[in-house]
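Spelled out, the chains give:
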Amino acid sequence: SYIFIYVAIFIWSAVEEIRNGGALRALKRVVLLHCVPAAFLAAYYFLFLKSMVYGGGEMVEPLKVVISAASMATGLSSEGVYGYISLVAVLIFSAGGLVWLKRTAPVQPVFFLCAIFIVPALATVTLKPEFLYFRYFLVCFPFFYLLAAYALAGIYRRALWGKPVFFAAIIIFSVLNLKATVDLIRYGRGAYSEAIEYMVRESAGPEVVVGSDHDFRNKLVLDFYSGFFTEKRITYLDKGARLDSTPDWLLAHSVDTARKPAGFLFEGGHRFTLKQSYGFSGVSGWSWFVYKKDIE
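Residues numbered from 1 in each chain as written. Predicted model: local features only at pLDDT ≥ 70, side-chain atom pairs only at ≥ 80, totals over all residues. Heavy atoms only, no water.

Asker: How should I be thinking about the nonpolar core in this particular structure?
Answerer: In globular proteins that are soluble, nonpolar side chains generally tend to be buried together. Ranked by size, the top nonpolar core spans 27 residues in total, and within it Phe-4, Phe-111 and Phe-112 carry the most contacts. Secondary-structure elements contributing two or more residues to this core are helix 1 (2-20), helix 3 (62-74), helix 4 (81-104), helix 5 (108-127) and helix 6 (141-156). No other element matches helix 5, which puts seven residues into this core. Dropping the residues within four chain positions of it, Phe-112 is found in contact with Leu-98, Leu-101, Phe-117, Phe-143, Leu-146 and Leu-147. Core analysis: the second largest hydrophobic core is formed by 20 residues, Ala-191, Val-208, Tyr-278 and Trp-286 among them. (Core = buried A, V, L, I, M, F, W, Y, C linked by side-chain atoms within 4.5 Å. Buried < 20%, exposed > 50% of the residue type's maximum accessible area, 1.4 Å probe, protein only. Helix = DSSP H or I, 4+ residues; strand = E, 2+ residues; numbered from the N terminus. Contact = heavy atoms within 4.5 Å.)

Asker: What is the right way to read the pattern of salt bridges from this model?
Answerer: Oppositely charged side chains can pair when the atoms bearing their charge come close. Tallied over the entire structure, the rule returns nine salt bridges. Close ionic contact of Arg-19 with Glu-16 constitutes a salt bridge, the shortest N to O distance being 3.8 Å. Residue Arg-19 and its partner Glu-16 are both found in helix 1; the two are separated by three residues, about one turn of the helix. With a relative accessible area of 52%, Arg-19 lands in the exposed category. Residues Asp-294 and Arg-271 are paired through a salt bridge, measuring 2.6 Å at the closest nitrogen-oxygen approach. On the criterion of sequence distance, the pair formed by Asp-294 in the segment after strand 6 (287-293) and Arg-271 in strand 5 (residues 270-278) is long-range, its members being 23 residues apart. (Salt bridge = Lys/Arg side-chain N within 4 Å of Asp/Glu carboxyl O.)

What follows is the structure in structure tokens.
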């Protein structure tokens, strides 16, 4: 993410220096401007970043990542046609901002084009990351908002229709993003504590035995929140342990906020019935669907 902005600054400064003087002077100025940050970045990459290993994650198509990023920037949903509307809105406001900006600062559009579009696209195509998420492009959002501000300022100056369109755009943007904020306040990153509290309350014995559809994710969260429930012992059975023993509860999870869980799950010859669903606000975390083993 740092590379997106730094390379854009590098290109912008080089174009600015070439425009203000000869090629030799521009070369000297660019070297002086960037020798320290470039040296630090190179050292940081070869000593640390190069040896980093992906921990794993969801496989997402690049187009979906782009649509998701555009939706997060505008506040619209990324589902269906709304995602494409978000992408079109980002392109229109960016284009409008670039046009207005060029009138007062002819070279600055180079930076915005590179920071928001060109460098992230080239980095993605060149580096071919195994996992790609919209979070990688969050650093571009402030610069898109600056371009959108230029575009809206230009609209505001238009006679008759400018001011109504300006205020309508501001209100729509605020309302759409307010919904995301309300969802975060309402659901948080997941209602894990409430789910565990339910299983503890509904378990008759002194032990709550739990399994899940994802050992790493769910066990990590379960272990953390279990520390707040001392009245009963909470035991997690991973997939290997469940070959010999059956848990009383199964947790299914989903990173899709619109996911509709199945009414029943079957494992080891036993049927588990859906008892509770706990949502999350999106972006970070996941939903939990709590299943209880049927009494036989």
